[in-house]
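Here are the chains, one letter per residue:
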Amino acid sequence: NWLLVALSNIAVAMGLLRSEPMKHGTLVVPVDRAREFIDLIGKNTKMQFEDMNARDMHRPYKKYIQRIDEMERIIRFLLEKLTKVPGASPVKHNVDAFLDHSDDYKLDDVEANLHKIHKEFIQFKENNGKLLERRNAALEERYVVQTAMASMAHVASSRSVRAPEDRFEFEASRSLLDEEGGTSRRSLETMFSNIAGVIHQEEQDRFARMLFRATRGNTFTHFQQIFEPMRDPKTGREVHKSVFVIYFQDHRIGSSVSAMSEKINKICNSFGVNTYRWPSSRTAAQEMNDSLKVQVEDQERLLKAHEHFVKSEAASLLEPVDRNRDSLIEEWRLFCIKEKSIYATLNLFEGNMNLRASCWYPEEDEDRIRAMCIQNSSSHGHTSAMLVPDKTPPRKSPPTYIKVNEFTAIFQVLVNTYGLPRYQEANPALFTIVTFPFLFGVMYGDVGHGLMLLSVGIYAVWKADELKFSLPVMHEGRYILLMMGLFAVYCGFLYNDFFSIGLTLFESRWTQPAISPETKPGSVVAMQPKFDHENRGGPGPYPFGLDPAWHGAQNELVYLNSMKMKLAVVLGVAQMLVGLLLRFTNAMYEKNMVDFACECVPMFIFMICFFGFMDYMILFKWVTPMREPPSIINSMIAMAMWSEDSNPMFGSLVPQMLMVVCMLAVPWMLIPKPFILHRRNQVQSRPTTQRFRASSDGLGGHMPLSDEESLLCEESEEDEFDLTEVVIHQVIETIEYVLGTVSHTASYLRLWALSLAHQQLSLVFFGMTMLGGMSAPFPLNIFTTYFAFGAWFGVTVAILLGMDVMECFLHTLRLHWVEFQSKFYKADGYAFEPFCHRDVLHKKTDE
């Protein structure tokens, strides 16, 4: 008992059994130093402020928040640009180091630096875009010239290598006027023209179709792919382009533009393509190519110099400010988050010369908050801050504040997912730390599988710092994985299961009798116990866990089913009794004698007299040798149905008396509480009415408007008592509890069902893979065992370490949420959300 009391005191001191005591007060700060005091509060204490401007929505520090929003926009822009720099990545996740040096930054200085750098980066972007445009234009024109050179070279080579017969046909087809000077031939060539340019490759098919339809087939378009990708100056993405040449007949000679040429130019403009001049000869093309090559090299050199300059500027932003600190831009980002939270908190205050706001804070921090206010006010004359606690407790229920550490945090998260504890309500997380992994181990018990899960948990704990940001879910649940693995190994030793194989850790307490020669193969042989199974003082049974003789026995499954089913019921009733005891503690802590006498006591009596008696029979039957052991199921049915038990364990009088007590506990839960509450409400309503009449009579039948409004507000805030609603609520709660005890006890049989399923799946997988491979003849079994092990390991990891772990986890979660917590847990509290720099920054960093 003294050990339990000591553990309970330790748990209360740790803030796990019940939430921290809270106090309500008013914080008053001078307006000229408001930001400084709120910064100190966020750094050194925990206080939750209430919005004093909720009605009129007056936000005096809105301008500061707008400035910080603009600063955050600039930081996002800079981070976007810095991520495009190869090999550039900011150093993050050193929040504590930033908080130690956060006073080094000032809002005006950071804002000025950000605007300056933003202006420089905008200029960088414009200059880079212009350089890219000039470089792309020179490169595109160079490819157009190279295409022209290749086309002219092909025409010249085709003319020089004509065969004699082709040359004869060519000469015969020439115009007779060409022999007179060739003027007519040259005039004919001027009737044909072309337009060249560069277009995106994904647009060239649509471009060719548009030209064909618009000119009715009177143009010929040739495309030449450019294999070198170009970077778009607007988007920064790489694009692939092609050179196009449009050949068409142009009847006009001179500077005038034909209708065909004008139509083609309009199509080119609609597609946004760049057009370039087509060289008139190979010599001109060569000269243009040489000139463009120099231009491209010059532009490439300018781009590299510009990129080097941008990298040097980016390095100053990405370089850590100091050892074990973040990059400069990351610290600016954290500074903006911190300052924004400070001014958002100041917007909750009201007042002109002095700002004030109602607040909640832990009772143990009151002296520290006052000392901080006095210490930072003494050196500034009349400008001082103060904390004024309320003399009377507030009508609103305080928030719930539970201290957690890295180990208990994940278990508290599991509880809070169902609902947050009411203020000073018993916290299920204290018991969940042990019961959750233990019940998981009962369902998942296997030494081999437990060791595999335990190794994952040990790795997660060992590599916690590395997993914090790469796998945050695994980092958060590393301790629950460790505990689940430990209890799975422990229950595996209890079940004596190692990948479905029994372990002979100690000498078996069963022996096989001598087999006579007349015994046929395959006959059933009954083993004899070597221990004193009648409890007469002889040697005891197997020291720990299940005797390995049961593995492979014909009645193994029958024995394990009976043992695990009864064990599940015992554990379930025990956990529900713990929940009822916590209901007692809640009623005593709240000094609610009505709930204590009219709910807790009859509920506990009902549970003990029916299901506690069932557990007692199970344990008594296990330790007491009986020649004709009674059936517990038949005994419980006979007890509930008031029928005769043919083989009672304790006679017929004891079950009948316990059943009478159970039946009397039901109206005890149902009837007294509504009428006690009704009587209490009548007694409490009389003083208010008398006080109202006395006040009005003393003022000549009238009451001040302010006092009347306050009294009406107080009455309206109190819930109106309705006896009908209370009776209906009590009827529902009584029926739910009585039927729930039966269904919840049956629900704990999932411990038996999942444990059996896990053991049988493990046995089937091992038998179909490993045993099949090892049973092959030598030397084939060497190879079959090798491949069988791979198949067995894959199935084990995928199903037993993947699906089965998740299944057992969810069933354990349900047992805690429904079967255990429903006995005492209201879960209608609201969280204590203090203004704390570390919490705000960690939350934003995780996002």
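Residues numbered from 1 in each chain as written. Predicted model: local features only at pLDDT ≥ 70, side-chain atom pairs only at ≥ 80, totals over all residues. Heavy atoms only, no water.

*Asks:* Can you walk me through the sheet that holds strand β2 (residues 48-49) in this structure?
*Replies:* Note: strands within a sheet are paired through backbone hydrogen bonds, in either parallel or antiparallel orientation. Taking strand neighbours across the sheet as the criterion, the 4 strands line up as β2-β9-β1-β10 in an open arrangement whose pairing is antiparallel. The two strands at the open ends of the sheet, each matched to only one other strand, are β2 and β10 (386-389). (Pairing = 2+ DSSP bridges. Helix = DSSP H or I, 4+ residues; strand = E, 2+ residues; numbered from the N terminus.)

*Asks:* Is there a simple way to think about the packing of helix α15 (residues 447-462) against helix α27 (residues 780-820) in this case?
*Replies:* Interhelical geometry of α15 versus α27 gives an angle of 75° and a closest axis separation of 12 Å. Classified by the angle between their axes, α15 and α27 sit roughly perpendicular to one another. Between α15 and α27, the contacting residues are H449, M452 and L453 on the first element and F793, T796, V797, L800 and L801 on the second. When grouped by side-chain class, the residues that make up the contact of α15 with α27 number 6 nonpolar, 2 polar and no charged. (Axes fitted to C-alpha atoms, helices over the stretch in contact; angles between N-to-C directions. Parallel < 35°, antiparallel > 145°, perpendicular 65-115°, else oblique. Contact = heavy atoms within 4.5 Å. Nonpolar A, V, L, I, M, F, W, Y, C, P; charged D, E, K, R; others polar.)

*Asks:* What am I meant to see in the pattern of salt bridges here?
*Replies:* For side chains of opposite charge, pairing can occur when their charged atoms come near one another. Tallied over the entire structure, the rule returns 35 salt bridges. The partner of R35 in a salt bridge is E339, with the nearest N and O atoms 2.4 Å apart. Here E339 lies in helix α11 (residues 328-346) and R35 lies in helix α2 (residues 34-44), a separation of 304 residues in the sequence. Between D365 and R368 there is a salt bridge, with its nearest N and O atoms 3.2 Å apart. Take D365: its relative accessible area is 9%, and that puts it in the buried class. Salt bridges here are not isolated pairs; linked through shared partners, they connect R583, D595, E599, K673 and E733. (Salt bridge = Lys/Arg side-chain N within 4 Å of Asp/Glu carboxyl O. Buried < 20%, exposed > 50% of the residue type's maximum accessible area, 1.4 Å probe, protein only.)

*Asks:* Before we go on, may I ask you to explain the pairing of strand β7 (residues 241-249) in this structure?
*Replies:* Looking along a regular strand, one sees side chains alternate from face to face of the sheet. When you tally the buried positions in β7, you get 7 out of 9 residues, the bulk of the element. Summarising the sheet, strand β3 (residues 192-200) and β7 pair through 9 bridges and their orientation is antiparallel. Bridged to F192 within β7 is Q249. Pairing geometry for strand β4 (residues 219-225) and β7, over 7 bridges, is antiparallel. Paired with T219 across the bridge in β7 is F248.

*Asks:* When you look at the pairing of strand β9 (residues 354-362) in this model, what are you seeing that I'm missing?
*Replies:* Counting buried positions along β9 yields 7 of 9 residues, so the element is predominantly enclosed. Sheet analysis places strand β1 (residues 22-30) next to β9, joined by 9 bridges and oriented antiparallel. Residue pairing in the sheet places P30 in a bridge with N354 of β9. Taken together, the 2 bridges between β2 and β9 define a ladder with antiparallel strand orientation. Counterpart to F49 in the pairing with β9 is C359.

*Asks:* I would appreciate a short explanation of the nonpolar core in the present structure.
*Replies:* The tendency in soluble globular proteins is for nonpolar side chains to be buried as a group. If you look at the biggest cluster of nonpolar residues, it comprises 63 residues, and the most contacted ones within it are I480, M484 and L751. Element by element, the count of residues in this core is highest for helix α20 (residues 593-623), at 10 residues. Once you skip the residues sitting within four places of it in the chain, M484 turns out to touch F436, P437, F440, L453, V805 and F809. Ranked by size, the runner-up nonpolar core spans 57 residues in total, among them I75, L114, C336 and I369. (Core = buried A, V, L, I, M, F, W, Y, C linked by side-chain atoms within 4.5 Å.)

*Asks:* Help me understand the packing of α2 against α11 in this model?
*Replies:* Describing two packed helices takes the angle between their axes plus the distance from one axis to the other. Interaxial distance between α2 and α11 falls to 10 Å at its minimum, and their mutual angle equals 115°. The angle between α2 and α11 places the two elements in the roughly perpendicular class. At the point where α2 passes α11, the crossing takes the right-handed sense. Taking contact as the criterion, the partners of A34, R35, I38 and D39 in α2 are, on α11, K338, E339, I342, Y343, T345 and L346. (Left-handed = near helix turned anticlockwise from the far one by under 90°.)

*Asks:* What is the right way to look at the sheet that holds strand β8 (residues 274-276) in this model?
*Replies:* Ordered in space as β4-β7-β3-β8, the 4 strands form an open sheet in which the pairing is antiparallel. Strands at the two margins of the open sheet, each flanked by one partner only, are β4 and β8. Pairwise comparison of adjacent strand axes, ignoring direction, gives a mean angle of 25° for this sheet. The strands touched by helix α8 (residues 204-214) within the sheet are β3, β4 and β7, with β4 carrying the most contacts at an inclination of about 170°. Where helix α9 (residues 259-271) meets the sheet, it contacts β3, β4, β7 and β8, and its direction lies at approximately 160° from that of β7.

*Asks:* So what exactly am I meant to see when it comes to unusual backbone geometry here?
*Replies:* Trans peptide bonds make up most of the peptide bonds, and negative phi angles are found at most residues other than glycine. In this model, F778 is joined to P779 through a cis peptide bond whose omega is 0°. One non-glycine residue, R216, lies in positive phi territory at about 55°. By relative accessible area, which is 77% here, R216 ends up exposed. Unlike most non-glycine residues, N496 shows phi in positive territory, near 55°. Position of N496 relative to the elements: it lies in the loop between α18 (478-495) and β11 (510-511). Residue class for N496 comes out buried when judged on its relative accessible area of 4%.

*Asks:* What exactly am I supposed to notice about the environment of L751 here?
*Replies:* Along the chain, L751 falls in helix α26 (residues 750-774). As a C-alpha pair, L751 and A568 span 183 residues in sequence and 5.6 Å in three-dimensional space.

*Asks:* What is the right way to look at the environment of Q204 in this model?
*Replies:* Tracing the chain through its elements places Q204 in helix α8. By relative accessible area, which is 19% here, Q204 ends up buried. Placed 19 residues apart in sequence, Q204 and F223 show a C-alpha to C-alpha distance of 8.0 Å. Not counting chain neighbours up to four residues away, the residues in contact with Q204 comprise I199, F223 and S242.

*Asks:* What exactly am I supposed to notice about the packing of aromatic side chains here?
*Replies:* For any pair of aromatic rings, the description consists of the separation of the ring centres together with the inter-plane angle of the planes. Per the stated rule, a full pass over the model turns up 38 aromatic pairs. Residue placement shows R18 over the ring face of Y589; its charged tip is 4.5 Å from the ring centre. Above the ring of W462, the side-chain terminus of K463 is found at 4.4 Å from the ring centroid. (Phe/Tyr/Trp six-rings, centres within 6.5 Å; stacked < 30°, edge-to-face > 60°. Lys NZ or Arg CZ within 6 Å of the ring centre and 35° of its normal.)

*Asks:* Help me understand the confidence of the model for the protein chain, please; the structure alone is not making it clear to me.
*Replies:* Chain-level statistics for the protein chain give a pLDDT mean of 83 and a share of 87% at 70 or above. Ranking the elements of the protein chain by mean pLDDT puts helix α24 (residues 705-717) last with 43 and α18 first with 95. Overall, residues 1-8 carries pLDDT values under 50, and its contacts beyond four positions in sequence, including any with other chains, amount to 1 contact. For residues 166-189, every residue scores under 50 in pLDDT, and the model assigns this stretch 9 contacts once sequence neighbours within four places are set aside. (pLDDT = per-residue confidence, 0-100.)

*Asks:* I'm lost on the side chain of S261 in this one. Help?
*Replies:* Summarising the element assignment, S261 is placed in helix α9. In this structure S261 comes out as buried when scored by relative accessible area, which is 11%. Filtering out sequence-adjacent residues up to four positions away, S261 remains in contact with I195 and F248.

*Asks:* So what exactly am I meant to see when it comes to a nonpolar patch on the surface here?
*Replies:* A contiguous nonpolar surface patch, about 790 Å² in accessible area, is contributed by F778, L780, I782, F783, Y786 and F787. Here F787 lies in helix α27. On the accessibility criterion, F787 (60% relative accessible area) is exposed. (Patch = residues over 30% accessible without salt bridge, like charges linked within 9 Å, V, L, I, M, F, W, Y side chains within 5 Å. Areas by Shrake-Rupley, 256 points an atom, 1.4 Å probe, with all protein chains shown as cover.)

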